[in-house]
Amino acid sequence: MWIDALPNLLIGLREGLEAGLVVSILLAAVRKLGAGERTWPVWLGVLGAVSLAGSFAAVLTFSSGALGSQAQQAVGGILSVIAVVLVTLMIFWMRRTARSLSSEIRRDVGAAAGLGAGALAVTAFTAIAREGLESTLFIWTSIQASGSTVAPVVGAFVGIALAVLLCWLMFRGAVRMNLGVFFSRTAIALIVIAAGILAYGLGDLQDAGLLPGGQWVAFDLSGHAWTGSWWATLIQGLTQLRPRMSVLQVVAWVVYLALVLGRFLREGARERAASSAAAAGRAAGDVSAPAAQTAPAPRPAHPAAWLRWVEKRVWLVAAGLVALPALIAAAVIVALPAQASGSTAVHVTATACGTGWSSGTTGRQTFAVSNEAPSAVEITLRTASGAVVGEIETLGPGTTSPLTTTLASGSYAFHCLFAGQPALDGAAVQVSGAAVHDATAAVAPASIADLAEPNNEYQWYAYGKLGTLQTQLKTLRAAAAAGDAATARRDWLAAMLTWEQVGASYNSFGALGQAVDGLPTQFEGGAQDPGFTGLHRVEHDLWHGASRQTLVKDIDVTVSAVAKVRASLGSLDLAGDPTNLPLRAHEILEDALRDHLMGTDDGGSGASFALTDADVQVTRVVLGELAPVLTPRSPQLVATANAQLDTLQGALQALRRPDGTWVPLGAATLAQRQAVDSAIGAALETLSAVPTLLELPPSLR
């Protein structure tokens, strides 16, 4: 639990020390100017900046608490991304301006001191406020990423307190510290933390439905008992990584670290080289560059009218700097929509689930669920029939997280599941009150048994399509062997459309599938790479003038690859695992949008729209197989999706010529492209709900 304090302790120490240095420079500059008795305006500006940061923190906390769970995820995700952007800019800004920061602040102080106490207070306020707002946002998002435990809050306060102490000791001359080395070393740790917060924020945006790919899971370790071990907790606390992450989260984490950390280290190496060269020049007696002279601070003879007004009302300015942020924050918090039934504290222990909730009324409910057990837990709020109306997928030990839902009349109970242990059910609570029209839909958890029959149907369907494909490839080989290029191209398209109708998406058939439909961009040698085989290899041969012998050889390799897929269909990870069929309902068209409609898999055939049409057909098949499981959970989804698929197919068929050939992607008009893109976007939005509705609990995956 307390390991979660370390990231915020580092953030508080670094950001607090940075702000403390600014204060120290301000005070030193004021005293050097002979205005030592007037340091109180500096402290007034500091107090105003602290008030602003505290008010900002209050608004973030109370405004997010007043939102529903999906809105909380959206806001938290957006703020996490903003925080990462700001802290990244701050890291590089500090590296570039550290040497000139002191002189710039002294110049500003000199100008402000010439104008009076009010201007000096405003100068101090603006110098510190940026640090305060930036630190508040980053600490707040770090707390959200770690699960809102008390440890990150304590860590932040300890870090800030240490920073204040260090600044005071340095100001008094009691301690000397190489700040350049400190900021450089801590920046590396800060970049690692920021990468984790970025991944967390993108995950929140996926959960909120603002980004796709939430069900495209890179890894899921939440069901393992060791996720609650001390070393796993240590890794999570230091990196902000979670046991379950999507592909987008992992890619963002890796790319951010590679780009930002790489650039930071390169800049550091260049600066060290420049410093060494300068030192060598000085040692050699190079005096060609005169020493920099510090110009005296400007003191305007005629202050602007607004500054004269400020100086006559110094204490009014003081009150505004300190009190105005708090008043604005209070007004914002008061204006927030009140929750219908407030927030109820719910506790989970190793032996009890959902204690603390004993009665309720209909309407919006927010539960602050605290995991007081030593290991992570999956928590759901269920109706008497077992349907789920609220869920926290993984709640770490010592963590508190909100669960917001809107309840209709009925009986509800919390259900808790720890890895490797029997499930715990809380006491049933009767909820009564006025009828509600926006109650959260109760969704019965899917099971392996629910998905087994649809998946069997899909496997038989795919098995039949692969048999058809084998026959079509034999026909294609005959045309190729006869040297009939025109017929071979038509036969290739027929075979390619059949493969698309199998429903292979996102490399769902693994290495065997890649041997059938791999792209040249997936191989180091491109189209000439020996590993590039399959239907797209044959496409490249047909449209780029390969010899007859090469074409026949590549078709034979493809025939062999298809036979292996068909023979192994039931044992392939995604084809044989029923839990992945709901993913296929969404990912087939997502794959079409990514590859076909972006032109990335067109090897010369110009068949992008034809292949997308084939993907619509197989999406209908998968949706029909899942309909008996989907309809009880979302009665209108299948009908809505089919209507949107009708629209998409109509837009695609408009691109089919009377002779049966298709308009190439690059030859379509802007209006035609927009019609297809709009229709596929609408269908994908509807289909994205399928994996969520049919998602199995982590314990059953």
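Up top you'll find the structure we're talking about.
What you see is a predicted model; the values in this text were computed from it and never measured. (Residues numbered from 1 in each chain as written. Predicted model: local features only at pLDDT ≥ 70, side-chain atom pairs only at ≥ 80, totals over all residues. Heavy atoms only, no water.)

Draft legend 1. Molecular detail of empty space enclosed by the protein. Under the counting rule described, the total for this entry stands at 1 cavity of 30 Å³ or more. In this structure, the largest cavity occupies an estimated 40 Å³ of space. Lining the largest cavity we find Trp-492, His-536, Glu-539, Asp-601, Asp-602, Ser-605, Ala-607, Ser-608 and Leu-611. Looking at the lining of the largest cavity, the elements that each hand over two or more residues are α14 (535-543) and α18 (608-630). (1 Å grid on protein atoms, 1.4 Å probe; cavity = no way out; pocket = protein on both sides within 12 Å on 5 of 7 lines; lining within 4 Å. Points joined across faces, edges and corners; volume = space filled by probe spheres on them. Helix = DSSP H or I, 4+ residues; strand = E, 2+ residues; numbered from the N terminus.)

Draft legend 2. Here's a closer look at the environment of Gly-513. Position of Gly-513 relative to the elements: it lies in helix α13 (residues 510-517). The class of Gly-513 is buried, set by a relative accessible area of 3%. Beyond its immediate chain neighbours, meaning those up to four positions away, Gly-513 contacts Trp-499, Gly-518 and Val-565. (Buried < 20%, exposed > 50% of the residue type's maximum accessible area, 1.4 Å probe, protein only. Contact = heavy atoms within 4.5 Å.)

Draft legend 3. Geometry of a nonpolar patch on the surface. On the surface, a nonpolar cluster with roughly 510 Å² of combined accessible area is contributed by Ile-78, Ile-82, Val-85, Leu-86, Leu-89 and Leu-210. Note on placement: Leu-89 falls in helix α3 (residues 69-115). (Patch = residues over 30% accessible without salt bridge, like charges linked within 9 Å, V, L, I, M, F, W, Y side chains within 5 Å. Areas by Shrake-Rupley, 256 points an atom, 1.4 Å probe, with all protein chains shown as cover. Salt bridge = Lys/Arg side-chain N within 4 Å of Asp/Glu carboxyl O.)

Draft legend 4. Inspection of the pattern of salt bridges at higher detail. Overall, the coordinates contain 8 salt bridges when judged by the stated rule. In this structure, Glu-267 and Arg-263 form a salt bridge, with 3.1 Å as the shortest nitrogen-oxygen distance. Of this pair, Glu-267 and Arg-263 both sit in helix α8 (residues 247-283), separated by 4 residues, roughly a single helical turn. For Asp-591, the salt bridge identified is with Arg-594, shortest N-O distance 2.4 Å. Taken as a pair, Asp-591 and Arg-594 lie in helix α17 (residues 581-596) at a separation of 3 residues, close to a single helical turn. Residues joined in a network through salt bridges with shared partners are Arg-537, Asp-541 and Asp-554.

Draft legend 5. Highlighting the packing of aromatic side chains. Across all of its chains, the model carries 7 aromatic pairs by this definition. Seen in terms of ring centroids, Tyr-458 and Tyr-461 are 6.4 Å apart; in terms of plane orientation they differ by 40°. Their pairing is tilted. In this pair, Tyr-458 and Tyr-461 both sit in helix α11 (residues 448-481), 3 residues apart, roughly one turn of the helix. The burial state of Tyr-458 is the same as that of Tyr-461; both residues are buried. Summarising the aromatic geometry, the rings of Trp-460 and Tyr-463 are spaced 6.0 Å apart at their centres and angled 80° between planes, so their arrangement reads as edge-to-face. In this pair, Trp-460 and Tyr-463 are both assigned in helix α11, 3 residues apart and thus about one turn of the helix distant. On the basis of relative accessible area, Tyr-463 is assigned to the partly exposed category, the value being 35%. An aromatic cluster of three or more residues is present, and its members are Trp-357, Phe-367 and Phe-414. The ring of Tyr-463 is capped by Arg-566, whose NZ or CZ atom sits 3.8 Å from the centre of that ring. (Phe/Tyr/Trp six-rings, centres within 6.5 Å; stacked < 30°, edge-to-face > 60°. Lys NZ or Arg CZ within 6 Å of the ring centre and 35° of its normal.)

Draft legend 6. Quick peek at the sheet that holds strand β3 (residues 343-348). Across the sheet, which stays open at both edges, the 4 strands sit in the order β4-β3-β6-β9 with mixed pairing between neighbours. Each end of this open sheet is capped by a strand with a single partner; those strands are β4 (353-355) and β9 (399-407). Strand-to-strand twist across the sheet, computed as the mean angle between neighbouring axes with direction ignored, equals 35°. Two strands pair when backbone bridges link them, and β3 and β4 are joined in this way by 2 bridges, in the antiparallel orientation. Within the sheet, the bridge partner assigned to Val-348 lies in β4 and is Cys-353. (Pairing = 2+ DSSP bridges. Axes fitted to C-alpha atoms, helices over the stretch in contact; angles between N-to-C directions.)

Draft legend 7. Focus on the pairing of strand β8 (residues 388-395). Alignment of strand β7 (residues 377-383) against β8, held across 5 bridges, turns out to be antiparallel. Its bridge partner being in β8, Leu-381 is matched across the sheet by Gly-390. Following β7, the chain reverses through 4 residues before pairing antiparallel with β8; Gly-386 in that reversal takes a positive phi of roughly 95°.

Draft legend 8. Structural context of the packing of α18 against helix α20 (residues 670-687). Orientation of α18 relative to α20, taken along the N-to-C sense of each, is 25°, at an axis distance of 13 Å. With respect to their mutual orientation, α18 and α20 come out roughly parallel. Once α18 is placed against α20, the crossing between them reads as left-handed. In contact with Phe-609, Thr-612, Thr-619 and Leu-623 of α18, α20 contributes Arg-673, Val-676, Ile-680 and Leu-687. When the residues that make up the contact of α18 with α20 are grouped by side-chain class, the tally is 5 nonpolar, 2 polar and 1 charged. (Parallel < 35°, antiparallel > 145°, perpendicular 65-115°, else oblique. Left-handed = near helix turned anticlockwise from the far one by under 90°. Nonpolar A, V, L, I, M, F, W, Y, C, P; charged D, E, K, R; others polar.)

Draft legend 9. Inspection of the environment of Asn-371 at higher detail. Looking at where Asn-371 falls in the secondary structure, it is placed in strand β6 (residues 363-371). A relative accessible area of 2% places Asn-371 in the buried class. Between the C-alpha atom of Asn-371 and that of Val-348, which follows or precedes it by 23 residues, the distance is 4.9 Å. Contact partners of Asn-371, with chain neighbours within four places excluded, come to Val-348, Ala-376, Val-377, Leu-395, Gly-396, Pro-397, Gly-398, Thr-399 and Phe-418.

Function cannot be inferred from these measures alone, as they are strictly geometric.
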